[in-house]
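# Summary of the model geometry
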Amino acid sequence: MANLTLVQAINLALIQEMEEDDRIILLGEDVGKNGGVFRVTEGLWQRFGGDRVVDSPLAESGILGTSIGLAMAGLRPIPEIQFEGFLGPAYDQICTHAARMRTRTRGAYTVPLTIRVPVGGGIHAPELHSDSPETIYTHTPGLKVVMPASPYDAKGLLISAIRDPDPVIFFEPKRIYRAFREEVPEDEYTIPIGEARVVQEGEQITMVSWGASVIQCMNAIENCNHSVELIDLRTIAPMDMQAIEQSVKKTGRCVVVHEAPKTLGLGAEIASRIMEHCFLHLEAPVQRVAGFDTIMPYYKLELDYMPDAARITKAVEEVSAY
Amino acid sequence: MRPPVTKAPVKQTNHKKVAASKNDAAKGKVKSSNDAKTLKHWLREMLLIREFEVRTMQAYQNRLVGGFCHIYSGQEAVAVGTIAALQDDDPIITAYRCHGHALARGMDPYYCMAELFGRFDGCAKGKGGSMHMFDREKHLYGGHAIVGAQTPLATGLAFATKYEQEVIKTSDHTRVTVCYLGDGALNQGGFHEAMNLAGVLDLPVIFVIENNGYAMGTSVARGTTLADALYRKAESYGMTGHLIEEGMDVVTVHDQFKKVVDETRKTSKPDLVEIRTYRFKGHSMSDPRKYRTHEEEEKWNKQDPIDHLSHDLIKAGELTQDEFKKMTTEIRGEIRDVVKRASEAEPPPLDELYVDVHTGNWGPFKGTTLPNMLRGDNEKTTDQNQESH
Ligand SMILES: Cc1ncc(C[n+]2csc(CCOP(=O)(O)OP(=O)(O)O)c2C)c(N)n1
Ligand SMILES: [Mg+2]
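Quantities reported herein were computed from a predicted structural model and do not represent experimental measurements.

About the cut-offs
- Residues numbered from 1 in each chain as written.
- Chains lettered and ligands numbered in written order.
- Predicted model: local features only at pLDDT ≥ 70, side-chain atom pairs only at ≥ 80, totals over all residues.
- Helix = DSSP H or I, 4+ residues; strand = E, 2+ residues; numbered from the N terminus.
- Rg over C-alpha atoms; globule rule 2.2 N^0.38 Å.
- Buried ≥ 20, exposed ≤ 12 C-beta atoms within 10 Å, placed from the backbone.
- Pairing = 2+ DSSP bridges.
- Right-handed = clockwise from strand over helix to strand, strands pointing away.
- Core = buried A, V, L, I, M, F, W, Y, C linked by C-beta atoms within 7 Å.
- Contact = placed C-beta atoms within 7 Å.
- Axes fitted to C-alpha atoms, helices over the stretch in contact; angles between N-to-C directions.
- Left-handed = near helix turned anticlockwise from the far one by under 90°.
- Nonpolar A, V, L, I, M, F, W, Y, C, P; charged D, E, K, R; others polar.
- Near = placed C-beta within 6 Å.
- Parallel < 35°, antiparallel > 145°, perpendicular 65-115°, else oblique.
- Domains from an automatic or database assignment.
- Expected span 1.5 Å × (residues − 1).
- pLDDT = per-residue confidence, 0-100.

### Concerning the overall build of chain A
Along its length, chain A carries 12 helices and 14 strands. Taking 322 residues into account, the globule formula puts the C-alpha radius of gyration at 20 Å, and chain A, at 19 Å, falls close to it. If one aligns the C-alpha atoms of chain A with their principal axes, the spans along those axes are about 60 × 40 × 40 Å. Across the 322 residues that make up chain A, the buried fraction comes to 61%.

Written out as structure tokens, the structure reads:
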């Protein structure tokens, strides 16, 4: 066991997987010599050399397209996009190629690709460096979307993602890159993609979240008089609806918390599925605590934009008083 | 739809070095084509940018600046020299290292600093920050954070000016669009699309590569082909490529760039200009600069564009030490005042979150109102329909 931050846990997973499988190649802007903008790949270039940790030109479309080619040919590329806002130029390759290749070729070609992307706000960065675009990729069939909320999960999920035969977008919530440490086993282990984690059991209200917002939920729950069951989705696509359903059938109340703008955020999908599957169990409408339907604001208003304990608590009070 | 532009005959030479007058500068002479008053003005502008950046770095350390902050120090001769070669209504557009261009274009340093500090008085109402400098009056089109993404916009801006002049005749003169980009931006697909389109449509646009040797930690040679002659990339798009080697000398930059601008204005054909320069500071505020050597930094520090010009002027007897000192002190005072005012200014009010998203009713649903949570209440919308501000 080692007491690691999320960054360290990811770094460790990469090292261990690369040592085991020489088909794994890292590529991205400054991932090599410099160890990446967030220093997630620190030391890997020194350890594995420039052939396996490739400093690419500043070209996201090229990075992704090349990775897809590598993957189709049987390698296991792990491209890094420095910030979620730079997925734009890569979007075309991800959605027109990576996501559809298996279907398009009737399974003849697959794209075992793990795209690592720092995501979300809370670090005082401006727009395009603070966004939460997970809905876009969840809305694209063919992609798996993962977002850990703890160092332990980060390591286990990343290893699963790397070994997964299909393209996985591995979103790393930058706000909690170094926010806290956790005991992480030194040996390799996997956490299955598509399985939510019950962070805390409770009887009266179900709270569903993922990524850095999970920490905000925990903060809210700490000073809460109700018995809240907190579910961290961990994987957004495929989503563990069973876990949500089971919990909501028990509690009858649900609050969904996410940073992304409210409209058509995943909260909408979750609320709608709860209605489909748990309608007769519901005691109150599902509440969403989310980002606003506007561009992520510059740092002075950033924390007003992002769901925090106060806003979550308010929603909890509202569903319980309904 | 393509405007009926007249095609000029294809140029024979596809790249050329602009005849350099650099020797004069090296000898410490001041070129006669620019009078001393102009040169002192440029010196002042470069000093202003430098001082602005010094105080910006301080403010960043004091947590007055959010997010990322890309310092322009070292590259002053590029912004000042090139912008001085333009007419006031020539559109310019750049990336995120944009404080220098904004100031050289004449933006009030207060608007610039207030923006950095996230204050309502800033040029983007404190909603953009360091990477988003805009000034409509000064025809400054930003300030954009995505590397290379501004380049197709420049093609569009140039298309518009040409269209206005030649098709709908709402303009009676040729405006030259200048698009600044870094050496790293060359590797983005969008840049090549922009170049190609500008070439196909014969648009009056000049793409200026500010080659400071690095894209973050990646040196030009590690990221780009033709690393020692980036201007030659112009050939693939049938444009003329130019190299301005003495990018640390504002006079050379201006004089050589002016020739290109004049030609572009005359022929309405696009150009690519590579200017060699250096950023004295890290890529952004959190860059330990492990990818370059101390010796290299020293070498470039010795070519400081401000020292360069002030020495020349003093040597030529056009400026006294005292005058120079006075100029420096004045600018220090001016920027100190700007920092003070900006730090006392108000951040945007909370409901600004929903202003400028689009015109008219804000929000994605008809009839929605400002979410009550913005007023401290959770999320329920009220009934009355509130117009946008
Ligand atoms: C599409 C995209 N990818 C990556 C980044 C992160 N990034 C910001 S600046 C930069 C380096 C750009 O270098 P260059 O174009 O040479 O400009 P300079 O910083 O030297 O002025 C990188 C990689 C970004 N902003 N946009
Ligand atoms: Mg550069």
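### Some details on the pairing of strand S11 (residues 228-232) of chain A
Residues and elements named next belong to chain A. Summarising burial for S11: 5 of the 5 residues are buried, a large majority. Burial along S11 is two-sided: Val-228, Leu-230 and Asp-232 and Glu-229 and Ile-231, pointing in opposite directions, are all buried. Two strands pair when backbone bridges link them, and strand S9 (residues 197-200) and S11 are joined in this way by 3 bridges, in the antiparallel orientation. Bridging across to S11, Arg-197 finds its partner in Asp-232. For strand S10 (residues 205-209) and S11, the ladder comprises 5 bridges, and the chain directions are parallel. Along S11, the bridge assignment pairs Met-207 with Leu-230. Chirality of the crossover, the property in question, places the unit of S10, helix H8 (residues 213-222) and S11 among those that are right-handed.

### A look at the nonpolar core
If you look at the biggest cluster of nonpolar residues, it comprises 201 residues, and the most contacted ones within it are A:Val255 and B:Val273. Top contributing element to this core by residue count: helix H2 (residues 36-61) of chain B, with 9 residues. Filtering out sequence-adjacent residues up to four positions away, A:Val255 remains in contact with A:Ile205, A:Met207, A:Gln287, A:Val289, A:Ile312, A:Ala315, A:Val316 and A:Val319. Judged by nonpolar contacts, the second largest core, of 9 residues, contains A:Met296, A:Tyr298, A:Tyr299 and B:Tyr354.

### Some words on the packing of helix H3 (residues 76-84) of chain B against helix H9 (residues 250-267) of chain B
Residues and elements named next belong to chain B. Orientation of H3 relative to H9, taken along the N-to-C sense of each, is 35 degrees, at an axis distance of 8 Å. Crossing of H3 against H9: the hand is right-handed. Across from Ala-77, Val-78, Val-80, Gly-81, Thr-82 and Ala-84 in H3, the residues of H9 making contact are Val-250, Val-253, His-254 and Phe-257.

### Re the interface of chain B and chain A
In many analyses, interface size is given as the accessible surface area lost on bringing the parts together. If you look at the interface, chain B gives 36 residues, while chain A gives 33 residues. In the side of chain B that touches chain A, the residues fall into 18 nonpolar, 16 polar and 2 charged.

### Overview of the site of ligand 1
If you check the shell around ligand 1, you find 19 residues, and the closest are A:Phe86, B:Val147, B:Gly182, B:Gly184 and B:Ala215. Residues of the shell around ligand 1, tallied by class, amount to 10 nonpolar, 5 polar and 4 charged.

### Let's talk about the packing of helix H3 (residues 60-72) of chain A against helix H4 (residues 87-98) of chain A
All names here are of chain A. The N-to-C vectors of H3 and H4 enclose an angle of 25 degrees; their axes lie 6 Å apart at closest approach. In terms of orientation, H3 and H4 fall into the roughly parallel class. By crossing handedness, the relation of H3 to H4 is classed as right-handed. Contacts between H3 and H4 pair Glu-60, Ser-61, Ile-63, Leu-64, Gly-65 and Ile-68 from the former with Pro-89, Ala-90, Asp-92, Gln-93, Ile-94, His-97 and Ala-98 from the latter.

### Focus on the domain arrangement of chain A
All names here are of chain A. By domain assignment, chain A separates into domain 1 (2-184) and domain 2 (197-321). The C-alpha centroid of domain 2 is placed 26 Å from the C-alpha centroid of domain 1. In this complex, domain 1 contributes 26 residues to the contact, which on the side of domain 2 involves 26 residues. Among the secondary structure elements, those contributing two or more residues to the side of domain 1 that touches domain 2 are helix H6 (134-138), strand S6 (144-146), helix H7 (151-163) and strand S7 (168-173). Residue composition of the side of domain 1 that touches domain 2, grouped by class: 12 nonpolar, 8 polar and 6 charged.

### Looking at unusual backbone geometry
Omega for the peptide link from A:Ala237 to A:Pro238 comes to -5 degrees, which places this bond in the cis form. Mapped onto the fold, A:Pro238 is located in the loop between strand S12 (235-237) and helix H9 (241-251). Here A:Arg234, not a glycine, exhibits a phi torsion of approximately 65 degrees, which is positive. Along the chain, A:Arg234 turns up in the loop between S11 and S12. Even without a glycine there, the phi angle at B:Arg289 is positive, about 60 degrees. Along the chain, the position of B:Arg289 falls in the loop between strand S8 (271-276) and helix H10 (294-301). Looking at B:Arg289, the number of C-beta atoms within 10 Å reads 15, which means it is partly exposed.

### Things to note about H3(A)
Across its 13 residues, H3(A) extends 18 Å between first and last C-alpha, which sits within 8% of the 18 Å expected from 1.5 Å per residue. Residues of H3(A) that are buried: A:Glu60, A:Ile63, A:Leu64, A:Gly65, A:Ser67, A:Ile68 and A:Ala71.

### Points about the confidence of the model for chain B
All names here are of chain B. Of the residues in chain B, 84% have a pLDDT of 70 or more, and the chain-wide mean is 88. Across residues 377-389, where pLDDT falls below 50, the model places 29 contacts with residues more than four positions away in sequence or in other chains. Interface confidence for the predicted complex, expressed as ipTM, amounts to 0.94; the pTM equals 0.92.

### Some words on the sheet that holds S10(A)
Within a beta sheet, neighbouring strands are joined by backbone hydrogen bonds and run either parallel or antiparallel to one another. All names here are of chain A. In spatial order, the strands read S9-S11-S10-S13-S14; together these 5 strands make up an open sheet with mixed pairing. Only two strands of the sheet have a single neighbouring strand rather than two, namely S9 and strand S14 (287-291). Within this sheet the neighbouring strands show an average axis-to-axis angle of 25 degrees, counted without direction. Against the sheet, H9 contacts S10, S11 and strand S13 (254-261), and its axis sits at roughly 155 degrees relative to S10.

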